[in-house]
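As a plain string of letters, each chain reads:
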Amino acid sequence: MHRRRRTALLLTAAIAAAAPLLTACGNDAHPGAAAVVGGERITVSQLENRVDEVRAAQRAAVPDDAQYQQAIARTGSLTRDTLHSMVLDRVLERAARDAGVSVTRKEVQQMRSGLEQQTGGAEALEAAWLQQYGIPPQRLDDNFRLQVQAQKLAQRLGTDTSRPEFWQALSEAGKKLDVDLNPRYGDWDVEKSSRVDAKTPWVREVTAAGMPQTL
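**Focus: unusual backbone geometry**
The phi angle of most residues is negative, glycine excepted, and most peptide bonds adopt the trans form.
(1) Moving on: The backbone of Asp178 shows a phi angle near 50 degrees, a positive value even though the residue is not glycine.
(2) Moving on: The residue Asp178 is located in the loop between helix H8 (164-177) and strand E4 (180-181) in this model.
(3) Moving on: A residue is classified by how much of its surface remains accessible, and Asp178, at 59% relative accessible area, is exposed.
(4) Moving on: Within the chain, Ser193 stands out as a residue other than glycine whose phi angle is a positive 50 degrees.
(5) Moving on: Within the secondary structure layout, Ser193 lies in the loop between strand E5 (187-189) and strand E6 (194-196).
(6) Moving on: The class for Ser193 is buried, based on a relative accessible area of 2%.

**Re the sheet that holds strand E3 (residues 40-43)**
(1) Moving on: Strand order in the open sheet formed by three strands is E3-E2-E4, with antiparallel pairing between adjacent strands. Of all the strands in the sheet, the pair left with one neighbour each is E3 and E4.
(2) Moving on: Pairing of strand E2 (residues 33-37) with E3, which is carried by four bridges, proceeds in the antiparallel orientation. Along E3, the bridge assignment pairs Val36 with Arg41.
(3) Moving on: Contacts between helix H2 (residues 44-61) and the sheet are confined to E2 and E3, with E3 contributing the most and set at about 50 degrees to the helix.

**What about the environment of Ser85?**
(1) Moving on: Assignment of secondary structure puts Ser85 in helix H4 (residues 78-98).
(2) Moving on: With 58 residues separating them in the primary sequence, Ser85 and Asn143 have C-alpha atoms 10.0 Å apart.

**With respect to H2**
(1) Moving on: The first and last C-alpha atoms of H2 sit 26 Å apart over 18 residues, in line with the 26 Å expected at 1.5 Å per residue.
(2) Moving on: For H2, the full list of buried residues reads Val44, Leu47, Val51, Glu53, Val54, Arg55, Ala57 and Gln58.
(3) Moving on: Its buried side turned inward, H2 meets E2, E3, helix H3 (65-74), H4 and helix H6 (122-133).

Cut-off values and rules
- Residues numbered from 1 in each chain as written.
- Predicted model: local features only at pLDDT ≥ 70, side-chain atom pairs only at ≥ 80, totals over all residues.
- Heavy atoms only, no water.
- Helix = DSSP H or I, 4+ residues; strand = E, 2+ residues; numbered from the N terminus.
- Buried < 20%, exposed > 50% of the residue type's maximum accessible area, 1.4 Å probe, protein only.
- Pairing = 2+ DSSP bridges.
- Contact = heavy atoms within 4.5 Å.
- Axes fitted to C-alpha atoms, helices over the stretch in contact; angles between N-to-C directions.
- Expected span 1.5 Å × (residues − 1).

None of this, on its own, says anything about what the molecule does.
Listed below in structure tokens is the structure:
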């Protein structure tokens, strides 16, 4: 697999197995926050806005109602996957900053141009990234910036994004940031730099019959 596509998969692909809908019962220890990263809140509203961007892009790309419902079903864990990406983005930013890595706009545009050539143009690239990684068109440059950042961080470490050394750097950054997820969205495994489903006595799994699972 091409390194750029592998990096995109590592950083933005949705978690393969959609987990059950989670409903919080009891007191919320993170009022209004989906996560706290480095003392800064990712609010539930911010998370919902990001999810709405993806759904709006899917709706525009698939005007047929039946096909749109299929698209929703394929991305049933979108909310949790989106939060995973939002947190991981911040962890990567910290790891890159600690390593003295920066990214220029020219580097981002070079990556975008190369991918457009590979996929057959700007529209084809937008469609592919939306379908494969859940990235709406307005977030493409942000995503490419993170991919360049990840590649340059790996190069600075003398490795690549698939190697343990790269993920260890992210783990160290996550420890410094003290990532704390609202339990309704799971836990953050700092060693794996990944969101995992929470196992708490006051969170129950609920199956919503006939409804797409969006949490």
